[in-house]
Amino acid sequence: MSAKSDIDLLRSSVREFSEKVVSPVAKKIDSENYISQDILGQVSSMGYFALRVPDKYGGPNLSTMESVIVVEELARASGAVAIMATVSGTMVAYPLVHYASEEIKEEYLTRLAKGKIGAFALSEPCCGSDAANIITRAEKDGNDFIINGRKTWITNSTYADFFLVAARTGKQEDRHRGISIFVLDKKDCIEISKLDMMGYRGSGTSELLFKDCRVPKENIVGELNNGFKIVMDGLNEGRIITASTGLGIMQAAFDESLNYAKMRETMGKPIIEHEMVQSMIADMKVKLEASRLLIYNAAQKIDNNDIDYPMWSSIAKYATAKWGVDLVRLAMQVEGGFGYSKESNIERYYRDIKMIEIGDGTNEIQKLVIAKSLMGKITSPKIKH
């Protein structure tokens, strides 16, 4: 069977699942800011929260390209479900696969494969783009570390079974050289406060307060004080999956507005017969397909471990974020007053797509990565699988 046939079959499978299971409850997820355990269980049973987990641990062992397809199709139905799969299946799985000890892999990758959900606790109220300046601390206490601090905008938190936590184990002035990553099970020492976000509602995005959380030193992922490299390597791959949620939203918004333009009539004919609407539809199609090509190209570069894949990952995310916001704005313009109402899905897509310009590195950070890559300062980590 050809690779294209494999991808087509995967896309077909995820689309069928999304249309049957996720689409009917997407508006409810958004309005209630919550996903039921029944829906989460069905998503988990498909392996979508464990996308990159190797088959050795019971996971689907998907490539980056295959993960892109899964997330794209999930996002056509629900941005919240798609971003949860992105975080648990790639941004949590990646550091464990590439950096964790075999004992941690056996424990936590197997958990993901069995349907558990992971979250990555990095951002803090003080530090979004300046992740090297985090102040959450992990103090050594015998054979354990004790974690105290606050994290915010952490996706999956209300549903997560465990967290990857970035904490300072060195001096504050050490910045990126004094950060370590820990695996921490959900426990009473973690206070979780769900946030009322503009978009991707239902994804469990929360603030976390760590109060004297004790974790054994064996739960360090990778080496002590080398966590920032793990974070950056994970983001190089993870941001392209995040961009895929944008691609799915773009596709859904385009399809809906195109169908609307064919049915809605003004001045005795469907509005798609008006040249101004045709111009908007054409502009949307260009942005959609250009984003798709950039994302797929970047995914293939990641899978090939091309030396310049971090730059292409940032190019794809930056372009998809800008064009995605523009596309959904045009889709709302095509639908007019209806698109601005909650009767239309476009209103939800418009709120969701904005996050792509902010999460996993803002547009401004992506431009810095692109420029530094061109200067030869950022290249592939060349991790051996």
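Note: the structure precedes this text.
Small disclaimer: the values here were computed from a predicted structure and weren't measured.

**Topic: the state of the cysteines**
Think of a disulfide as a covalent bridge from one cysteine sulfur atom to another cysteine sulfur atom. Under the defined criterion, the tally for this structure stands at 2 disulfides. What pairs with Cys 126 in a disulfide is Cys 127, and their sulfur atoms sit 2.0 Å apart. When the S-S torsion is -85°, as for the bridge of Cys 126 with Cys 127, the disulfide is left-handed. Taking the relative accessible area as the measure of exposure, Cys 126 reaches 45% and is therefore partly exposed. Using a relative accessible area of 1% as the deciding quantity, one classes Cys 127 as buried. With a sulfur-sulfur separation of 2.1 Å, Cys 189 is cross-linked through a disulfide to Cys 213. The sign of the 115° torsion about the S-S bond sets the Cys 189-Cys 213 disulfide as right-handed. Taken together, the positions of Cys 189 in the loop between strand 5 (179-185) and strand 6 (190-194) and Cys 213 in strand 7 (residues 206-216) put the pair 24 residues apart, joining distant regions of the chain. When sorted by exposure, Cys 189 lands in the same class as Cys 213, which is buried. Sequence-ordered numbering of the disulfide-bonded cysteines in the protein chain gives the connectivity 1-2, 3-4.

**Things to note about the nonpolar core**
Grouped together as the largest cluster of nonpolar side chains are 105 residues, with contacts concentrated most on Tyr 48, Leu 74, Leu 96 and Val 221. Element by element, the count of residues in this core is highest for helix 7 (residues 227-263), at 16 residues. Of all hydrophobic cores here, the second largest spans 19 residues; its members include Phe 145, Leu 184, Phe 210 and Val 215.

**Considerations on the packing of aromatic side chains**
All chains considered together, the criterion is met by 5 aromatic pairs. Ring centres of Tyr 34 and Tyr 159 lie 6.4 Å apart, and the angle between their planes is 45°; on these two criteria the pair is classed as tilted. Of this pair, Tyr 34 sits in the loop between helix 2 (26-32) and helix 3 (37-45) while Tyr 159 sits in the loop between strand 3 (144-154) and strand 4 (162-168), and the two are 125 residues apart along the sequence. Judged by relative accessible area, Tyr 159 falls into the buried class, the value being 9%. Centre to centre, the rings of Tyr 260 and Phe 338 are 5.7 Å apart; their planes meet at 5°, and the pair counts as stacked. Separated by 78 residues along the polypeptide, Tyr 260 in helix 7 and Phe 338 in the loop between helix 9 (309-335) and helix 10 (346-353) bring together distant segments of the chain. By relative accessible area, which is 31% here, Phe 338 ends up partly exposed. The aromatic ring of Phe 145 is capped on one face by Lys 140, whose charged end is 5.8 Å from the ring centroid.

Here is what the cut-offs are and how they apply
- Residues numbered from 1 in each chain as written.
- Predicted model: local features only at pLDDT ≥ 70, side-chain atom pairs only at ≥ 80, totals over all residues.
- Heavy atoms only, no water.
- Disulfide = S-S within 2.5 Å.
- Buried < 20%, exposed > 50% of the residue type's maximum accessible area, 1.4 Å probe, protein only.
- Helix = DSSP H or I, 4+ residues; strand = E, 2+ residues; numbered from the N terminus.
- Core = buried A, V, L, I, M, F, W, Y, C linked by side-chain atoms within 4.5 Å.
- Phe/Tyr/Trp six-rings, centres within 6.5 Å; stacked < 30°, edge-to-face > 60°.
- Lys NZ or Arg CZ within 6 Å of the ring centre and 35° of its normal.

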